[in-house]
Amino acid sequence: MLDAAAAATADRPQVERRRRLTPAALAVTNQKVRGAYSPIVIAGAVRLADFILLSLIGVALYFGYVSRLAGFRWEYVAAIFAMAATAVICFQAADIYEVQVFRGNLLQMARMVSSWAFVFLLFIGASFIVKLGSEISRLWLSTFFFAGLAALIAERVFLRAMVRGWARQGRLDRRTIVVGADQSGEQLVQALKTQDDSDIAVLGVFDDRNDDRALDTCAGSPKLGKVDDIVEFARRTRVDLVLFALPISAETRILEMLKKLWVLPVDIRLSAHTNKLRFRPRSYSYLGEVPTLDVFEAPITDWDLVMKWLFDHVVGALVLLMALPVMGLVALAIKLDSPGPVLFRQKRFGFNNERIDVFKFRSLYHHQADPTASKVVTKDDPRVTRVGRFIRKTSLDELPQLFNVVFKSNLSLVGPRPHAVQGKLQSRLFDEAVDGYFARHRVKPGITGWAQINGWRGEVDTDEKIQKRVEFDLYYIENWSVLFDLFILLKTPLALISKNENAY
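The rules behind these values
Residues numbered from 1 in each chain as written. Predicted model: local features only at pLDDT ≥ 70, side-chain atom pairs only at ≥ 80, totals over all residues. Heavy atoms only, no water. Phe/Tyr/Trp six-rings, centres within 6.5 Å; stacked < 30°, edge-to-face > 60°. Helix = DSSP H or I, 4+ residues; strand = E, 2+ residues; numbered from the N terminus. Buried < 20%, exposed > 50% of the residue type's maximum accessible area, 1.4 Å probe, protein only. Lys NZ or Arg CZ within 6 Å of the ring centre and 35° of its normal. Pairing = 2+ DSSP bridges. Contact = heavy atoms within 4.5 Å. Axes fitted to C-alpha atoms, helices over the stretch in contact; angles between N-to-C directions. Salt bridge = Lys/Arg side-chain N within 4 Å of Asp/Glu carboxyl O.

## Section: the packing of aromatic side chains
- Considering all chains together, one arrives at 21 aromatic pairs under this definition.
- For the ring pair Trp116 and Phe145, a centre distance of 6.4 Å and an interplane angle of 10° mean the geometry is stacked. Highlighted residues: Trp116 in helix H6 (residues 106-129) and Phe145 in helix H7 (residues 138-169), separated in sequence by 29 residues. For the pair Trp116 and Phe145, one class covers both residues: buried.
- Plain terms: the ring middles of Phe120 and Phe145 are 5.1 Å apart, the flat faces sit at 85° to each other, and that makes the pair edge-to-face. With Phe120 in helix H6 and Phe145 in helix H7, this pair connects stretches of sequence that are 25 residues apart. There is no split in this pair, since Phe120 and Phe145 are both buried.
- One aromatic cluster in this structure is built from Trp116, Phe120, Trp140, Phe144, Phe145 and Phe146.
- The positively charged end of Arg235 is found above the aromatic ring belonging to Phe438, 5.5 Å away from the centroid.

Structure follows, in structure tokens:
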């Protein structure tokens, strides 16, 4: 049912516009790179696992022994949950919820045993003060202590193996590039590489100069190209952090570079390791012992990314189930209206400028299909079928993109709309018409978005329309929340009815 002519050459002009990278940079981009795991999410998941594990053990022992002899008492169950929560708090205080600690063995085991013993001493002391000591089963309490400790040790051994495996795969590394191939850059790279248990993996350095001040290597890390090459480099391989080794006094150079780099979905920081001007300690964030100043942060990361993924897949699956009858009727109408496939596939821009295949219901005559979207659909366009006019006006042609959300995970329910790679304003590609256009791609594109429910959808034939889309998309990225997504999703049906004057 898919159109086989789906854009083999859809992104050819875009490919020709790419910058040519240096051999050193190409060697890095050709390496196999796996996706990164967030240390914050890993630590949070371990906290939750500890609480659930200890609670289950305590409750199972209680119902298996105590309740059979003395009947059910809610005080026991409340005490079990309180002890499990207190254990997590004590583990946190002992600093064992760090990914670097998970990799070790002796240190985290010693801290964990002492913290678990402290929890029981605390519980025994509290029960003595409130005069409940004689009512607590000593056999249950001692069994809970040793069974809980054994389970925690087994969990940590398993976790240690997993974390070390992720470390070998590079999933815990912060892939970093340094801007500034001079003595300051060399000092920075050296400082990053000499730190123990660092998660910083320096890929190389970039510089905007070609004179003697630019070194070919900095502390063993090669110069990969000029600053203008960074955007293309980050499109081809995973980059997590861009770190400027330039002094704060080089304000003009830094601002010029930031104008080019802020469109990337990465953290951008300014190193302060050689600056004589010192700010308050709270002004800095640290990479080990290296002080840095935050400039830009990647949007929707860590737990926000988890919540976004859950929202897309849970709500997306429910919406897909509800939409299946409507999709069946639309597919039947398309088949009866004109010959050709029901669905077609189009190349569009995804996260970080990645080319993705997006599914849509066919709304044009098959022999006039335009998989590259090189020609914008206009009012009364003769290429549009009778059914196509209706489904484009009501956006029913977008419903198959729910499969992209639920099964392929390359779209979100809510986000900046994915434009076709050949989308143009008159004779200019969109990124040529709007400064900072590619900043829309710092998050996954969506089926609906903040721009769409505010009326900026459909044909793009003026500078204002594409500029407003970008403006609203950037506002969404900077102000994202699950409630914001839910608001946009609930308002979408009304917007499709009341704000469809540009949809042809």
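## So, the sheet that holds strand E2 (residues 200-206)
- Across the sheet, eight strands lie side by side as E3-E4-E2-E1-E5-E6-E8-E7; this open sheet has mixed pairing. The sheet terminates laterally at strand E3 (217-218) and strand E7 (285-287), the two strands that pair on one side only.
- Where strand E5 (residues 241-244) and strand E6 (residues 267-271) come together, four bridges link them in parallel fashion. Among the inter-strand pairings, Leu243 is bridged to a residue of E6, identified as Arg269.
- The strands touched by helix H8 (residues 183-193) are strand E1 (174-179), E2, E3, strand E4 (221-225), E5, E6, E7 and strand E8 (290-296); relative to E2, the strand with the most contacts, the crossing angle is about 165°.

## As for the pattern of salt bridges
- Across all of its chains, the model carries 18 salt bridges by this definition.
- Of the charged contacts in the structure, one is a salt bridge between Lys259 and Glu256, with a shortest N-O distance of 3.7 Å. Of this pair, Lys259 and Glu256 both sit in helix H10 (residues 251-261), separated by three residues, roughly a single helical turn.
- Here Asp397 and Lys360 are joined by a salt bridge, their closest N and O atoms 3.3 Å apart. Of the two residues, Asp397 sits in the loop between helix H12 (386-393) and helix H13 (401-408) while Lys360 sits in strand E10 (residues 355-361), which places them 37 residues apart along the sequence.
- For Lys360, a relative accessible area of 7% gives the class buried.
- Several salt bridges share partner residues, and in doing so they unite Lys360, Asp397, Glu398 and Arg417 into one network.

## Observations concerning the pairing of E10
- The element E10 is largely enclosed, with a buried count of seven among its seven residues.
- Across the two faces of E10 the burial is the same, with Arg355, Asp357, Phe359 and Phe361 and Ile356, Val358 and Lys360 all buried.
- Here strand E9 (residues 343-349) folds back onto E10, and the loop between the two strands holds five residues, one of which, Asn352, carries a positive phi near 55°.

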